[in-house]
Amino acid sequence: MELIDNDLRLRPIALPQDVAAAVPWYQDPEVLYYSEGGASSKPYDYEKVQAMYNYLLNKAEVYIIEVDTKDGWLPIGDVALFHESGVPIVIGNPEYRSKGIGKRVMRLIINRAKVLGRTNIRTNGIYIFNKRSRRLFESLGFTIAESFADDDGNECYRFNLKL
C-alpha cells in the first residue's frame, strides 16, 4: 500500500530493485554517524543493504521515501514501521534533509499505525547527539520514554507517542 502526501510518496520496498538506490545512502558518513552511532561506523555495501532490508521485511512494513520531481519519482530514503516497536527513518539524499520531509513521512507513518489499530509508536534508540531526529519526534508529540546506553556506550533516548 502506498502512502501519499502530494509530492511525497511512501511505497513498499521492492527487492532487489531498490537496493542499488539505497547503497549510497548507507555509505554517506552523515547517515552512518547519526544512525549507527558515531564516526567509526562502516559504510554498507550492496550485500549489507540487501541483508538489512530482508531482515526488516520480516519485522516491519518497509517503505521507500520518494519525492515527485520533473523527471518522475525520486527515491531519497527509507522508513519502516515495525510490527512490535520501532520506526527507523533515513533521508539518504542530502539535498532533501532539513526540509520538513521527515516530518511529513512520520505523519504518514503515524496515520498508518492508527489504521493498523496501534495505540502507540516507540522509536528505537535515538542518539542524544542526533538533535535533528530528536526535534523531529518531539515536534510530533513523542516524549522520552527512557534513556539508555547502546552496546558501544552511546547514550540514547527511546521516544513514545500515544495514538
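Values in this document were obtained by computation on a predicted structure and should not be read as measured data. (Residues numbered from 1 in each chain as written. Predicted model: local features only at pLDDT ≥ 70, side-chain atom pairs only at ≥ 80, totals over all residues. Heavy atoms only, no water.)

Chemist: When you look at the packing of aromatic side chains in this model, what are you seeing that I'm missing?
Modeler: Working definition: an aromatic ring pair is given by the centre-to-centre distance plus the angle between the planes. A full pass over the atoms with the stated rule returns eight aromatic pairs. Residues F137 and F159 carry aromatic rings whose centres are separated by 6.3 Å and whose planes lie at 20° to one another, so their mutual orientation is stacked. You can see F137 sitting in helix α5 (residues 131-139) and its partner F159 sitting in strand β9 (residues 155-162), a full 22 residues away along the chain. For F137, a relative accessible area of 1% corresponds to the buried category. Its relative accessible area of 0% is what places F159 among the buried residues. Members of the aromatic cluster, joined through ring pairs, are Y33, Y34, Y127 and F129. One Lys or Arg, K48, reaches over the ring of Y44 and ends 4.4 Å from the middle of that ring. (Phe/Tyr/Trp six-rings, centres within 6.5 Å; stacked < 30°, edge-to-face > 60°. Helix = DSSP H or I, 4+ residues; strand = E, 2+ residues; numbered from the N terminus. Buried < 20%, exposed > 50% of the residue type's maximum accessible area, 1.4 Å probe, protein only. Lys NZ or Arg CZ within 6 Å of the ring centre and 35° of its normal.)

Chemist: Got a minute to help me understand the pattern of salt bridges in this structure?
Modeler: Where charged atoms from two side chains of opposite charge approach closely, those side chains can pair. In this structure the tally under the stated criterion is 13 salt bridges. Residue E61 is joined to R112 by a salt bridge in which the shortest nitrogen-to-oxygen separation is 2.8 Å. With E61 in strand β3 (residues 60-69) and R112 in helix α4 (residues 101-115), the pair connects residues that are 51 residues apart, well separated along the chain. Overall, the relative accessible area of 19% leaves E61 in the buried class. The partner of R158 in a salt bridge is E146, with the nearest N and O atoms 2.7 Å apart. Taken together, the positions of R158 in strand β9 and E146 in strand β8 (residues 143-149) put the pair twelve residues apart, joining distant regions of the chain. (Salt bridge = Lys/Arg side-chain N within 4 Å of Asp/Glu carboxyl O.)

Chemist: Whenever I open this one, the pairing of strand β4 (residues 72-82) confuses me. Can you help?
Modeler: Each regular strand displays side chains that alternate between the two surfaces of the sheet. The pairing of β3 with β4 spans ten bridges and is antiparallel. By the bridge assignment, Y63 is partnered in β4 with V79. With three bridges joining them, β4 and strand β5 (residues 89-91) adopt antiparallel strand pairing. Bridge pairing in β5 links D78 to V90. Counting the residues that bridge the hairpin from β4 to β5 gives six residues, and of these G86 lies at a positive phi of roughly 120°. (Pairing = 2+ DSSP bridges.)

Chemist: Just to check I follow, could you spell out the layout of surface pockets for this structure?
Modeler: Where empty space is left in the structure can be found by rolling a water-sized probe over the atoms. Here the largest pocket is characterised by a volume of approximately 1100 Å³. If you trace the largest pocket, you find 45 residues lining it, with S35, P88, I89, V90 and S133 closest to the centre. It is α5 that contributes the most residues to the lining of the largest pocket, six residues altogether. Grouping the constituent residues of the lining of the largest pocket by class yields 25 nonpolar, ten polar and ten charged. (1 Å grid on protein atoms, 1.4 Å probe; cavity = no way out; pocket = protein on both sides within 12 Å on 5 of 7 lines; lining within 4 Å. Points joined across faces, edges and corners; volume = space filled by probe spheres on them. Nonpolar A, V, L, I, M, F, W, Y, C, P; charged D, E, K, R; others polar.)

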